[in-house]
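Descriptive analysis of the structure
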Amino acid sequence: MRTMSQLNKNYLGFTFLIMLICWGICLGFSFSGISLNDNKLLYVPYLLGGWSPTIASYLSLKRNGQVAGVKDWLKNIFDVKHGVLSYVAVVVMAVLFIAPQCLISGFESGAPVFAIIFMVPMMLAGGGLEEAGWRYVFQPELEKKFSFTVSTIIVSFVWWLWHLPLFYIQGVGQYGHNYFAFGINVLGLSFALASIRKNTGSVWLCVLFHCIVNSLSGIFIVNDNIWGNVAATAVLILCAYALGKVNDKRTVLK
């Protein structure tokens, strides 16, 4: 029987413990009718909950002797030296995620397009550094025991489940939206990110992709329509496997 590695057990334990405590506080206030906008102090547990995969990454890797300290951990995350084609692939996949949703579901304009220059760095704290956990620790560890496809589906389910409290916390972007439709997007994004990690060996490029996707979602505010999500996910899954085929033959992404 294939069991989860000790590293992944520690990682998930720390991630969900921190998330449940921090977002549990926010949920308690939300159910009492108090949103984050009503009490700005609630942004502290809200942000700490969002950083739970990042914090758990360091704690679990350190506990299992896989990083010497914070400096070593950060070096492994911010591995920025990669070829131009790797960066191009990341940008193209991010655009291919948002484009089908805009075309099928329609969208409203959010921030101006040029704002992406400032938004991408900001999104390091707004979701991007989750990849220090999901794709640095969780995905590669699963792939030691399961296939790429099975591992990615497992990660997507856990990642989707981790987001659940946000759909009930007043004042956050996910509040009131369709959790199932969001899950479809998570599946597509999981395949894209897993493919980036597998074919480039880079955590940083996963972080960058996540930051670009979050930024584009703030510029093109897509209307709720499940078919747009399905189309975007289908495109990303095709891209994930195509990227693997091309890289297997030419090893161009490193």
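Residues numbered from 1 in each chain as written. Predicted model: local features only at pLDDT ≥ 70, side-chain atom pairs only at ≥ 80, totals over all residues. Heavy atoms only, no water.

What follows covers the overall build of the protein chain. Broken down by element type, the protein chain carries 11 helices and 2 strands. In the protein chain, the succession of α and β elements from N to C terminus is α-α-α-α-α-β-α-α-α-α-α-β-α. In the protein chain, the share of contacts with a sequence separation of at least 24, taken over all contacts with a separation of at least 6, comes to 80%. For the protein chain, the accessible area works out to roughly 12300 Å², and carbon and sulfur atoms hold 70% of it. Seen as two clouds, the 17 positive and the 10 negative side-chain charges of the protein chain have centres 12 Å apart. (Helix = DSSP H or I, 4+ residues; strand = E, 2+ residues; numbered from the N terminus. Contact = heavy atoms within 4.5 Å. Areas by Shrake-Rupley, 256 points an atom, 1.4 Å probe, with all protein chains shown as cover. Lys, Arg positive; Asp, Glu negative; His and termini not counted. Charge placed at Lys NZ, Arg CZ, Asp CG, Glu CD.)

Glancing now at helix α9 (residues 179-200). Taking 1.5 Å as the rise per residue, α9 with 22 residues should run 32 Å; its terminal C-alpha atoms sit 31 Å apart, in good agreement. Counting buried positions along α9 gives 18 out of 22 residues, so the element sits mostly inside the fold. Capping the start of α9, Asn178 holds a side-chain oxygen 2.9 Å from the backbone nitrogen of Phe180, two or three residues further along. (Expected span 1.5 Å × (residues − 1). Buried < 20%, exposed > 50% of the residue type's maximum accessible area, 1.4 Å probe, protein only. Polar contact = N/O pair within 3.5 Å; in protein donor to acceptor, adjacent residues only side chain to side chain.)

Another point: the pattern of salt bridges. Inspection of the entire model under this criterion finds 3 salt bridges. Between Arg135 and Glu131 there is a salt bridge, with the nearest N and O atoms lying 2.6 Å from each other. Of the two residues, Arg135 and Glu131 are both situated in helix α7 (residues 131-143); the distance of 4 residues between them amounts to about one turn of the helix. Of the two residues, Arg135 and Glu131, neither departs from the other in class, the shared state being buried. For Glu141, the salt bridge is made with Lys144, and the minimal N-O distance between the two is 2.5 Å. With relative accessibility at 10%, the residue Glu141 sits in the buried group. (Salt bridge = Lys/Arg side-chain N within 4 Å of Asp/Glu carboxyl O.)

The next point concerns the packing of aromatic side chains. Two aromatic rings are characterised by how far apart their centres lie and by the angle between their planes. Scanning all chains against the criterion turns up 16 aromatic pairs. Aromatic rings pair up to connect Tyr11, Trp23, Trp134, Phe138 and Trp162 into one cluster. A cation over a ring is seen here: Arg135 above Trp159, with NZ or CZ 4.4 Å from the ring centre. (Phe/Tyr/Trp six-rings, centres within 6.5 Å; stacked < 30°, edge-to-face > 60°. Lys NZ or Arg CZ within 6 Å of the ring centre and 35° of its normal.)

Once that is clear, we can look at a nonpolar patch on the surface. A cluster of nonpolar side chains, Val44, Leu47, Leu48, Trp51, Ile55 and Leu59, forms an exposed patch at the surface whose accessible area comes to about 450 Å². Contributing elements (two or more residues each) for the nonpolar patch: α2 (43-50) and α3 (52-63). Broken down by element, the nonpolar patch gets its largest block of residues, 3 residues, from α2. Tracing the backbone shows Val44 in helix α2. (Patch = residues over 30% accessible without salt bridge, like charges linked within 9 Å, V, L, I, M, F, W, Y side chains within 5 Å.)

We now examine the state of the cysteines. In this structure the tally under the stated criterion is 0 disulfides. For the unlinked cysteine Cys211, the closest cysteine sulfur is that of Cys206, found at 11 Å. (Disulfide = S-S within 2.5 Å.)

The next point concerns the nonpolar core. Within the largest apolar cluster, 60 residues are counted, with the highest numbers of intra-cluster contacts made by Trp73, Trp134, Tyr136, Phe138, Ile169 and Phe209. Sorting elements by how many residues they give to this core places helix α10 (residues 204-219) first, with 10 residues. If we skip the residues at most four places from it in the chain, Ile169 touches Trp23, Cys26, Leu27, Ser30, Leu36 and Tyr175. (Core = buried A, V, L, I, M, F, W, Y, C linked by side-chain atoms within 4.5 Å.)

Turning our eyes to something else, we now look at the packing of helix α5 (residues 84-105) against α9. Following both chains from N to C, one finds α5 and α9 inclined at 170°, their axes separated by 11 Å at the closest point. Judged by the angle between their axes, α5 and α9 are roughly antiparallel. Together, Ser86, Val90, Met93, Phe97 and Gln101 of α5 and Asn185, Leu189, Ala192, Ile196 and Thr200 of α9 make up the contact between the two elements. (Axes fitted to C-alpha atoms, helices over the stretch in contact; angles between N-to-C directions. Parallel < 35°, antiparallel > 145°, perpendicular 65-115°, else oblique.)

This brings us to the environment of Leu142. Of note, Leu142 is situated in helix α7. Between the alpha carbons of Leu142 and Thr152 there is a distance of 8.5 Å; along the sequence they are 10 residues apart.

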